[in-house]
Amino acid sequence: MRSEPGYFAHFLVQIGVTANEFCTVQVAIDLHREIFQCSVLVVGVPQDEVQGNRSQQSARHGLAAHVCDLFGYFVHRIHLPTRADHESLLVKSRVPRKSELLPSHRGGFSHGEQPMPRVNGVYAEPPGTKGVPNTVIESGKYNTFIDDLVQDANTVRPILAGGTGATTVIGAADALATVSSNIAAAATTNLASATGVVVSVTGAATITSFGTVSAGSERVLYFTGASTIVHNGSSLILPGSNNILTENGDVITFRSLGSGNWRCTGVQKRNTPQIAGFRNRVINGDFEVWQRGTNLGTSGSGGSSLALSLMQADRWAGVIQSPNPGTGSNAINLSRQAHTFGQATVPGNPRFFHRLQVTGVQSGATNSAVYLEQKIERVDTFAAKTVTLTFYAKAASTTTCAVQLTQNFGTGGGFSASVPVAPNGTATFTLTTSFQKFSFTFSVPAVNTKTLGSDGNDRLSLFFVLAQQSGTLLGNAYGSVGNFATATYDISRVSLVEGDLMGDTDPFSPRALQQEISLCQRYYFNTYADGVSPGALSFPGSYSWNVVSASGGVTTAKFPVQMRLMPSLTSYNPSTGATGTARDTTANADRTLTFGSISQGGCYLAVASGTAGNALAVHVVADAEF
């Protein structure tokens, strides 16, 4: 090997072919012009031993040409503009191993091939393979091109070349489901910067946009913090038109609609999701269930501490209270009212709303209040969580009201004192004569340092404070609200759900009516038709059985659901409305009725006399409310 001025070098290389043959390759390289020349001599077996053997002669000529091509490929792939690179060439000048060849050429090279590499996985045809008019196509180059295309068509195509990088369906799916680097949550969490389809969104923010990605693209987002994704009817469409509050471990899938618009196509919460509709912890928030009847009023006179509490719509208690009474009477009336069919102000087209009328107040009473309350079972409900209260309300005249939660730890044993919870921000709202939407968030305290009572009556209470003369009655900090006077208050569509959902159009999450009835029956159940007040003269729904002997008869009464605790029971005669008796419909007589074996699931009914075979009927009310 020796070097010539002008970066010119030539050298000899011997290559073993078989045990008896070898090649001597003479290569001359002009490093300045980047061209080379080579010649090959195959030596070994004497020429006269292969005279007349055309196949062997052809093989030798093919070998010589192939060796030239290999050296040509190697030199063609290296650009050496310096003397140092010249020395590097002299060291590296050898036939490349098969493992060093480009992927599309590892099957070997054909005669005359000048293999071209893939650039970023994309194949380019070798020079000289395209046809030119009035010229001869070189078979070697053309065949090389065809061979490359055949091999490329039968080889895994890289993703960057428009392929899947795999040979199986599952392999392709796995290859294309690439994992992106993390993206920090922000108002615009730009998914256009994602490096894969599975993206971890870190931190917390209020997210209103995901940037612009081509239509049809899908991104699977894994959230590590408590972000709020805000619904928008065109640019960020979320299920039920509700905001989504994320927490660590939530997985949410979005599909681009193009032009910066996205649609949520799937939500998998870290915790097991509740049955649809059960995120709203208010029961009968649409005021569909009225087991006690649809209208009830009562009044009471002063002279002592006076508190009137009525429950008409299931789970809702209307209260008027005067701890320091005056003269005259406090009186309220609770009733079911019908929405105008097809009205659009209150969403979901509810049929009914709740009306509380103050029809009388004591003169001179102090520290008085009027409120509507629902007691939600278990004081640890929403503990250490942010919750959103949403409702619609109006009044007969403009007035100011307030909302409040209270953690009540029950009674029995050494229980902790109740904890009033005011909403974040202002607690008050102003009612007008038309329905309006109101929303409040609460930060509910933790309960880990509290002591629970032993009587099983702990609860989280929701208060709509309609009028109050001071702030001491319910232990709140907002003081006086409204006017303790005759008034009418209407309320509809009440929901209390976890998370900050102030931006939700309607977080109510409706349930099927039968579900709502069953939830109500855990606390109160009667055998009358819905809307019929206990004591009404009505037979439909009553328990019925037959007298066994002159000593009477017994039957089992099973409640429709397991009740909150062992209920108090009252019987009503369907013929007279009187309590404590069943009706002997055969003899048109009344029989004294007793209860036995009372449990959360049922009881037995017994009469002590009668004529064998006579039919009996009775209505039953089971009450397990707080």
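In this report, the structure presented in the accompanying data block is examined. Note that residues are indexed from 1 along each chain, following the sequence as it is written. In keeping with the model being predicted, local features are shown solely for residues with a pLDDT of at least 70 and side-chain atom pairs are shown and tallied solely at 80 or more, while totals for entire chains, interfaces and linings include all residues. Calculated side-chain values reflect all of the structure's heavy atoms, with hydrogen atoms and water omitted.

Quick notes on the overall build of the protein chain
Item 1. Secondary structure elements are defined from DSSP: runs of H or I of at least 4 residues count as helices, runs of E of at least 2 residues count as strands, and each element is numbered from the N terminus. Helix and strand content of the protein chain: five helices and 36 strands.
Item 2. With a 1.4 Å probe rolled over the protein chains alone, any residue whose accessible area is under 20% of its type maximum counts as buried; one over 50% counts as exposed, and the rest are partly exposed. Relative to its full complement of 626 residues, the protein chain shows a buried share of 44%.
Item 3. When checking whether two residues touch, look at their non-hydrogen atoms; a contact exists if any pair is within 4.5 Å. Restricting the contact set of the protein chain to residue pairs at least 6 apart, pairs at least 24 apart contribute 63%.
Item 4. Surface accessibility in these figures is a Shrake-Rupley result with a 1.4 Å probe; residues are shielded only by whichever protein chains are displayed. Accessible area of the protein chain: about 29600 Å², with a carbon and sulfur share of 52%.

What to know about the sheet that holds strand E11 (residues 228-229)
Item 1. Paired strands, as defined in this entry, are two strands with at least two bridges between them according to DSSP. Reading across the sheet, the three strands line up as E9-E11-E13 and stay open at both edges, with mixed pairing between neighbours. Two strands close off the open sheet at either side, each with one partner strand: strand E9 (206-207) and strand E13 (244-245).
Item 2. One ladder, built from two bridges, connects E9 with E11; its direction is parallel. From the neighbouring strand, threonine 206 faces E11, where its bridge partner is threonine 228.

What about the environment of isoleucine 237?
Item 1. Counting through the fold element by element, isoleucine 237 comes out in strand E12 (residues 236-237).
Item 2. Remark: the alpha-carbon pair of isoleucine 237 and threonine 265, spanning 28 residues in sequence, is separated by 9.2 Å.
Item 3. Beyond its immediate stretch of four places on either side in the chain, isoleucine 237 contacts His231, Asn232, Leu257, Trp262, Arg263 and Cys264.

So, the packing of aromatic side chains
Aromatic ring pairs: the centre-centre distance and the angle between the two ring planes describe each pair.
Item 1. The rule is short: rings of Phe, Tyr and Trp, with Trp giving its six-membered ring, pair when the centres are within 6.5 Å, and they are stacked under 30 degrees, edge-to-face over 60, tilted in between. One pass over the full model with this rule turns up 15 aromatic pairs.
Item 2. Aromatic side chains phenylalanine 210 and tryptophan 262 sit 6.1 Å apart centroid to centroid with 75° between the ring planes, which places their arrangement in the edge-to-face category. Residue phenylalanine 210 is found in the loop between E9 and strand E10 (218-223), and its partner tryptophan 262 is found in strand E15 (residues 261-268); the two are separated by 52 residues along the sequence. An identical accessibility class is assigned to phenylalanine 210 and tryptophan 262; each is buried.
Item 3. Measuring from centroid to centroid gives 4.9 Å for phenylalanine 429 and phenylalanine 438, while their planes differ by 45°, and the two rings are tilted. Residue phenylalanine 429 shares its accessibility class with phenylalanine 438, and that shared class is buried.
Item 4. Among the aromatic side chains, those forming a connected cluster through ring pairs are Phe287, Trp316, Phe391, Phe429, Phe438, Phe440 and Phe464.
Item 5. The ring of phenylalanine 435 has lysine 394 lying over it, and the distance from NZ or CZ to the ring centre is 5.3 Å. Whether a charge lies above a ring is judged from NZ of Lys or CZ of Arg, which has to be within 6 Å of the ring centre and within 35 degrees of the ring normal.

Description of the nonpolar core
Item 1. Core analysis: the largest hydrophobic core is formed by 41 residues, its most contacted members being Phe391, Phe464 and Val494.
Item 2. Not counting residues within four places of it along the chain, the set of residues in contact with phenylalanine 464 comprises Trp316, Val370, Tyr371, Leu372, Leu389, Phe391, Ala402, Val403, Ile491 and Val494. Joining through side-chain atoms within 4.5 Å is the link that ties buried Ala, Val, Leu, Ile, Met, Phe, Trp, Tyr and Cys residues into a set, and such a set is a nonpolar core.

Quick look at the environment of tyrosine 392
Item 1. Tracing the sequence through the fold places tyrosine 392 in strand E22 (residues 386-395).
Item 2. Looking at tyrosine 392, the relative accessible area reads 6%, which means it is buried.
Item 3. In the structure, tyrosine 392 is positioned 45 residues away from proline 347 in sequence and 9.5 Å away in space, judged by C-alpha atoms.
Item 4. Tyrosine 392 has contacts with Thr345, Val346, Pro347, Phe435, Gln436, Lys437, Asp490, Ile491, Ser492, Arg493 and Thr505, leaving out every residue within four places of it along the chain.

A look at the sheet that holds E15
Item 1. Ordered in space as E7-E8-E10-E14-E15-E12, the six strands form an open sheet in which the pairing is mixed. Two strands lie at the open edges of the sheet, namely strand E7 (183-184) and E12, each paired on one side alone.
Item 2. By the bridge criterion, seven bridges tie strand E14 (residues 251-258) to E15 in an arrangement that is antiparallel. Considered in E15, the bridge of serine 256 is made with tryptophan 262.

Some thoughts on the pairing of strand E33 (residues 581-584)
Item 1. Across the two faces of E33 the burial is the same, with Thr581 and Arg583 and Ala582 and Asp584 all buried.
Item 2. Where E33 meets strand E34 (residues 589-596), four bridges bridge the pair, whose relative direction is antiparallel. Residue pairing in the sheet places arginine 583 in a bridge with aspartate 590 of E34.
Item 3. Taking the residues between adjacent antiparallel strands as the criterion, E33 and E34 are bridged by four residues, where asparagine 588 takes a positive phi near 50°.
Item 4. Bridge count between E33 and strand E36 (residues 615-623): two bridges; the pairing is antiparallel. In the strand pairing of E36, aspartate 584 is matched with leucine 616.

Examining unusual backbone geometry
Item 1. Phi is positive for arginine 315, close to 75°, though the residue is something other than glycine.
Item 2. Mapped onto the elements, arginine 315 comes out in the loop between strand E17 (306-311) and strand E18 (317-322).
Item 3. Residues other than glycine seldom take positive phi values, yet asparagine 349 does so here, at roughly 50°.
Item 4. Mapped onto the elements, asparagine 349 comes out in the loop between strand E19 (329-338) and strand E20 (352-360).

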